[in-house]
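Coordinate inspection notes
Each chain is listed here by its residues.
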Amino acid sequence: MSTRLLLVGDVHLGRPPARLPSSVADHGVSPAGLGPTAGWRTAVQAAIDHQVAALVLAGDVVDSTNARFEAFGLLQEGVQKLADAGIQVCAVAGNHDVEVLPRLAGAIVGFHLLGAGGTWTDHVIESAEGPPVRLLGWSFPAPYVHQSPLANLPPQAVEGPPTLGILHGDLDGGSGSRYAPVRRSELAGRGPLAWFLGHVHNPSLQPDSDEPGYLGSLVPLDPSETGPHGPWLVTVGPGGRLTREHLLLSPLRFEPLEIAADGLTEPAEELLGLVSEAMRARQGGLGDELAATQALGFQLRFSGSVGLPRQLAGALASGRLAESPWRESGRVLFISSWADATRPALDLAELARGSDPPGLLARSLRSLERDDELAAQLIAAATPRIADAAAHAHFNGLPPTEISTGMVRGLLLRSGYRALEELLAQQEEGR
Ligand SMILES: [Mn+2]
């Protein structure tokens, strides 16, 4: 027998959904369906599906006072649906909704604000399924709060129902914080069985730990809010035994993805394949975590030492990556940003100053890179030999290949870089 609660971090109703490529809409996913409004409706439905006793909001429910009209309708609609299902709604105000949430709470029947004006209050949730649960909460009284809200936490009754602390604040934020800084050590042993915080949008609660932590934003509000998002299902069993489960219900998810570009020999041709392969692999690795994900955005970071840094930069700049999004496994995959953190494998200019074999080769490669006069001569000399090789009986079964200048240049660069690397490695060994 346990009492279930749905705990919800920063919703930010009224904030537009995270910026997505406009072409996401061409793949059957509406950006509006990926934002805070959709997240709130999904959380309401989850509360009903899981038959919780209460839905609890940890502040920044509304993005700003400007969003009050939009938020009013959405909150009223949700609170009504929850009330019809016998589910209570409790909230604390955060720094974003310090003014608007108390007003809305006053106007919406069944919306219970905890800790109004910065004074701790409690509220007991009765449940037919399990023990009563006491919520203890504190709301922002002003947009900035420099002191720990725990300074005026009243002494806790020893007896009484199991208590959960609900707070919007800056966990381990330090004395310079303007957002209700609290230290982990302060929270430990201060009455409540467990603490659930709003404020930071990346969740830090752990399902298997009693440590206080952030619930995280309900849906990611910008691409920096990577990883899983959604409400938390908390159960309180006999003797105050707690379980926490992160319900990964956000329709939108962002993932950082590092891509080793070392193996690229023709970046312009190979880049999109490499990237889409890595995105698919990550999608596969996330498995069931993505059950509710309709759109999966990647923040790419290219790493490694690349032999053709100029071509990679060119391929990145060419807009090939803008060929995302595409639809796969029922969801849209897209690239939200990319960064080139590769380094050139070799310093050709420096090497070309030498009169040894690597120096000669480096000069040829520099010419090929520049596509200058010497490059034209090298390509002209190599073309008949490559054509001969392509005409070999081994390849009879294959469709004929046109030997273009660009192709020959690419082959020379690739083999030249490889040969240079080997020459340098031999020199290194000879020392
Ligand atoms: Mn927030």
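One can find the structure itself at the top, above this paragraph.
Residues numbered from 1 in each chain as written. Predicted model: local features only at pLDDT ≥ 70, side-chain atom pairs only at ≥ 80, totals over all residues. Heavy atoms only, no water.

1. Looking at the environment of Arg-68
How we decide: Working definition: helices are DSSP H or I runs of at least four residues, strands are E runs of at least two. Numbering for both runs from the N terminus. For each residue, the accessible area found with a 1.4 Å probe, counting protein chains only, is set against the maximum for its type, and the residue is called buried under 20%, exposed over 50%, and partly exposed in between. The contact criterion used is simple: two residues touch if any of their non-hydrogen atoms lie within 4.5 Å. Distance and chemistry together define a polar contact, namely a pair of N or O atoms within 3.5 Å, with one atom able to donate a hydrogen and the other to accept it when in protein, and with adjacent residues in sequence counting only for side-chain atoms on both sides.
By the element assignment, Arg-68 lies in helix α2 (residues 68-84). Taking the relative accessible area as the measure of exposure, Arg-68 reaches 26% and is therefore partly exposed. In sequence terms Arg-68 and Gly-169 are 101 residues apart; their C-alpha atoms lie 22 Å from each other. Dropping the residues within four chain positions of it, Arg-68 is found in contact with Val-100, Arg-103 and Leu-104. Within the structure, the side chain of Arg-68 is placed 2.9 Å from the backbone oxygen of Thr-65, a separation counted as a polar contact.

2. Quick look at the nonpolar core
Worth spelling out the cut-off: Residues belong to a common nonpolar core when they are buried Ala, Val, Leu, Ile, Met, Phe, Trp, Tyr or Cys residues joined through side-chain atoms within 4.5 Å.
Membership of the largest hydrophobic core comes to 34 residues, with the highest contact counts inside it found for Leu-6, Leu-57, Leu-75 and Phe-111. Among the secondary structure elements, those contributing two or more residues to this core are β1 (3-8), α1 (36-49), β2 (54-57), α2, β3 (88-91), α3 (100-107) and β4 (111-113). Those residues in contact with Leu-75, other than ones at most four positions away along the chain, are Leu-13, Trp-40, Val-61, Val-62, Leu-101, Leu-104, Ile-108 and Phe-111. Formed by 23 residues, the second largest nonpolar core is a distinct cluster that contains Leu-271, Leu-312, Ala-315 and Leu-321.

3. Thoughts on the packing of aromatic side chains
Stated precisely, the cut-off is as follows: Two aromatic rings from Phe, Tyr or Trp, using only the six-membered ring of Trp, form a pair when their centres are within 6.5 Å; if the ring planes differ by under 30 degrees the pair is stacked, by over 60 it is edge-to-face, and anything between is tilted.
What the rule picks out here adds up to 4 aromatic pairs. Taken together, a centroid distance of 5.8 Å and an interplanar angle of 80° make the contact between Trp-120 and Trp-195 edge-to-face. Note that Trp-120 is positioned in the loop between β4 and β5 (121-125) and Trp-195 in strand β10 (residues 194-198), a separation of 75 residues in sequence. Note on Trp-195: relative accessible area 3%, which makes it buried.

4. Quick word on the packing of helix α8 (residues 357-370) against helix α9 (residues 373-390)
For the record, the criterion: Convention adopted: a line fitted to C-alpha atoms gives each axis, helices being fitted over their contacting stretch, and angles between N-to-C directions are expressed from 0 to 180 degrees. Roughly parallel means an angle under 35 degrees; roughly antiparallel, over 145; roughly perpendicular, 65 to 115; everything else is oblique. In this classification, Asp, Glu, Lys and Arg are treated as charged, Ala, Val, Leu, Ile, Met, Phe, Trp, Tyr, Cys and Pro as nonpolar, and every other residue, Gly included, as polar.
It is at 7 Å that the axes of α8 and α9 come closest, and there the two elements cross at 100°. As far as their axial angle goes, α9 and α8 are roughly perpendicular. Where α8 abuts α9, its residues Ser-364, Ser-367 and Leu-368 lie against Leu-374, Ala-375, Leu-378 and Ile-379. In terms of residue class, the contact of α8 with α9 is made up of 5 nonpolar, 2 polar and no charged.

5. Some remarks on α8
Rule in force here: A helix is expected to reach a length of 1.5 Å times the quantity of its residues less one.
Over its 14 residues, α8 runs 20 Å from end to end, which matches the ideal 20 Å to within 8%, given 1.5 Å per residue. For α8, the full list of buried residues reads Pro-358, Gly-359, Leu-361, Ala-362, Leu-365, Ser-367, Leu-368 and Glu-369. Looking at the residues trailing α8, positive phi occurs at Asp-371, about 60°.

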